[in-house]
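Results of the structural survey
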Amino acid sequence: MPLIDRLKNALERVEHEGETALAMADADVMAFVDRLKKHTTQYPEPVFAVLRRVKPVLVAKGFALVTRFEDVQEVLSRDDVFQVTYGQKMRVITGGSDFFLGMRNSPEYERDVAHMRSVMRRSDVTEKIVPFVAAAAEEIVQASGGSVNVATELGAMVPARWVASYFGCTPFSNAELAQWGSAIFRYLFTDLTNDPAVGDAARDAAAKARAWLDDSIAKRKANPTEGDDVLSRCLKLQAAGLPGMDDLGIRNNLIGLLTGAIPTTAKCCAQALDELLKRPEELAKAQAAARAGDDALLAQYVFEALRFNPNNPGLFRIAAEDYTVAKGKVHATVIPKGTSVFAATQSGMFDECVVEASHEFRIGRPDYIYMHWGYGLHACFGQYVNAVQIPGILKPLLKRQGLRRADGADGQLQYEGPYPSKLVVQYEK
């Protein structure tokens with residue numbers, strides 16, 4: 001029996017049979033809640049859909065869940081009230097200092113973001129990153145022999161390669177770099193229970209990453225090159241005497257950026273392709289766009305697919321003061337100071353009040369519908385890179401004839417913790 005129906009039946013017994021049914025109903029409700037937690041982790045939209053209608057802003061026991069499009073954006077745009085939660089953990093990763101992703105809006109935040117915008121230039125996306133991604137993805141697909149694990153062999157390896165090249169820091173191996181990024185990202189953004197094993201893995205990965213970057217910076221300063229990578233640009237800012245660009249500041253910025261560059265890309269590639277494989281007609285159209293070289297159209301198919309299973313269902317914030325969300329509306333709700341707030345971006349992307357035919361797969365939706373990169377002050381720093389690299393990674397695969405899931409469990413999307421670990425697809429060589 002579906003979960004929602006079981007809950008309805010339990011409540012109906014209380015209504016019609018009175019107190020004698022209350023204990024049975026309570027047991028069913030508790031069983032429902034336990035099963036709901038597990039189910040919602042992977043399939044949250046049915047629950048979000050109910051909440052958008054009956055309780056758009058749910059506040060209970062120090063936790064708030066915000067589900068409507070405009071309310072989600074209100075929370076994420078009010079960074080003065082709803083503050084990021086991972087500053088303390090970020091200092092663990094850097095070994096003491098903060099990275100701008102964990103900072104409040106401040107002069108230091110503005111300084112560091114401006115510095116990194118100047119060394120990771122928007123023009124680099126088309127001039128450097130797009131051609132690198134295209135070549136690396138094609139090489140992997142071409143060498144795969146007609147079968148590839150999208151999660152680990154393609155989605156993780158392409159960003160690991162371009163990060164090493166573009167940043168100008170060569171790791172011991174691309175696989176190890178990808179592992180470091182995954183361990184740190186999991187600790188910062190998905191470890192809600194503070195699992196000691198997750199923390200230990202992140203500390204180990206961070207220590208290795210710090211040592212690698214320290215060594216890379218020292219070697220580059222000892223032997224300067226004429227290269228035009230991110231590290232070279234950072235060192236030029238350092239030579240010019242810009243504050244916040246000492247060796248430690250450069251290292252902290254680089255470790256923060258590489259943390260977000262690899263695991264999220266791999267996850268998005270696997271989940272977007274999985275959703276396309278569920279829809280043969282849409283998959284065929286996405287493949288036609290890939291073969292025609294229509295990158296803009298291909299991106300529409302990829303990011304609409306990702307809407308159905310995005311990188312994460314939402315973002316956490318902490319309320320720094322009492323605040324009324326949706327003030328002046330019927331569902332206006334006070335979120336008390338200290339409340340942990342979950343802004344459900346996935347739910348917002350399905351809000352029927354804003355998104356036409358929200359449960360249908362449709363391309364051509366306005367860009368503002370999509371909140372894959374978050375919203376507001378702490379929107380994804382690499383959103384312009386991700387907008388092209390995720391479709392770019394999948395493009396050589398989508399161009400292949402006979403693209404299909406591998407037989408059995410290998411062809412189904414599997415997870416290790418929050419990350420896809422396997423999605424094997426096959427195709428004509």
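Placed above this text is the structure.
Within the protein, the secondary structure is distributed over 18 helices and 12 strands. Rg of the C-alpha trace for the protein: 23 Å, near the compact-globule value of 22 Å for 429 residues, within the 12% margin. Projected onto its principal axes, the C-alpha coordinates of the protein cover approximately 80 × 55 × 40 Å. Looking at the protein as a whole, 51% of its 429 residues qualify as buried. A separation threshold of at least 6 residues defines the contact pool for the protein, and within that pool the share at least 24 residues apart is 69%. For the protein, the accessible area works out to roughly 19,800 Å², and carbon and sulfur atoms hold 54% of it. A distance of 2 Å separates the average location of the 50 positive side-chain charges in the protein from that of its 53 negative side-chain charges.

Another point: the environment of Phe185. Inspection of the secondary structure assignment puts Phe185 in helix 10 (residues 174-190). Given the relative accessible area of 11%, Phe185 is considered buried. With 43 residues separating them in the primary sequence, Phe185 and Gln142 have C-alpha atoms 30 Å apart. If we ignore the near neighbours within four places in the chain, the residues touching Phe185 are Thr190, Thr259, Gly260, Pro263, Thr264 and Tyr419.

Below, the discussion takes up helix 11 (residues 196-222). Its 27 residues give helix 11 an end-to-end C-alpha distance of 39 Å, which sits within 8% of 39 Å, the value for a rise of 1.5 Å per residue. Considered for burial, the residues of helix 11 that qualify are Val198, Gly199, Ala202, Ala205, Ala206, Ala209, Arg210, Trp212, Leu213, Ser216, Ile217 and Arg220. Where helix 11 starts, the residue carrying a side-chain oxygen 2.9 Å from the main-chain nitrogen of Ala197 turns out to be Asp195.

Before going further, it helps to spend a moment on the pairing of strand 2 (residues 63-66). Note: strand 1 (residues 57-60) against strand 2, four bridges, orientation antiparallel. Bridge pairing links Ala60 to Phe63 in strand 2. Counted along the chain from strand 1 to the antiparallel partner strand 2, the turn is two residues long, and its residue Lys61 has a positive phi close to 50°. Bridging between strand 2 and strand 8 (residues 340-343) involves four bridges; their strand directions are parallel.

This part takes up the state of the cysteines. Across all of its chains, the model carries zero disulfides by this definition. With no disulfide of its own, Cys169 lies closest to Cys234 among cysteine sulfurs, the gap being 8.7 Å. For Cys169, a relative accessible area of 1% puts it in the buried group.

Moving on: the environment of Asp407. Following the sequence through the fold, Asp407 ends up in the loop between strand 9 (404-405) and strand 10 (414-416). Residue classification places Asp407 among the exposed positions, given a relative accessible area of 69%. For the pair Asp407 and Gln426, spaced 19 residues apart in sequence, the C-alpha separation works out to 9.1 Å.

To continue, consider the packing of helix 5 (residues 87-94) against helix 10. Running from N to C, helix 5 and helix 10 cross one another at 160°; their axes reach a closest spacing of 9 Å. With respect to each other, helix 5 and helix 10 are oriented roughly antiparallel. Seen along the crossing, helix 5 lies across helix 10 with a hand that is right-handed. Two secondary-structure elements touch here, helix 5 through Lys89, Met90, Val92 and Ile93 and helix 10 through Ile184, Tyr187 and Leu188. The class makeup of the residues in the contact of helix 5 with helix 10 is six nonpolar, no polar and one charged.

Turning next to the sheet that holds strand 12 (residues 424-426). In spatial order, the strands read 4-12-9; together these three strands make up an open sheet with antiparallel pairing. Both edges of this open sheet fall to strand 4 (147-149) and strand 9, since each of them pairs with a single strand only. By the bridge criterion, three bridges tie strand 4 to strand 12 in an arrangement that is antiparallel. In the strand pairing of strand 12, Ser147 is matched with Gln426.

The rules behind the values
- Residues numbered from 1 in each chain as written.
- Predicted model: local features only at pLDDT ≥ 70, side-chain atom pairs only at ≥ 80, totals over all residues.
- Heavy atoms only, no water.
- Helix = DSSP H or I, 4+ residues; strand = E, 2+ residues; numbered from the N terminus.
- Rg over C-alpha atoms; globule rule 2.2 N^0.38 Å.
- Buried < 20%, exposed > 50% of the residue type's maximum accessible area, 1.4 Å probe, protein only.
- Contact = heavy atoms within 4.5 Å.
- Areas by Shrake-Rupley, 256 points an atom, 1.4 Å probe, with all protein chains shown as cover.
- Lys, Arg positive; Asp, Glu negative; His and termini not counted.
- Charge placed at Lys NZ, Arg CZ, Asp CG, Glu CD.
- Expected span 1.5 Å × (residues − 1).
- Polar contact = N/O pair within 3.5 Å; in protein donor to acceptor, adjacent residues only side chain to side chain.
- Pairing = 2+ DSSP bridges.
- Disulfide = S-S within 2.5 Å.
- Axes fitted to C-alpha atoms, helices over the stretch in contact; angles between N-to-C directions.
- Parallel < 35°, antiparallel > 145°, perpendicular 65-115°, else oblique.
- Left-handed = near helix turned anticlockwise from the far one by under 90°.
- Nonpolar A, V, L, I, M, F, W, Y, C, P; charged D, E, K, R; others polar.

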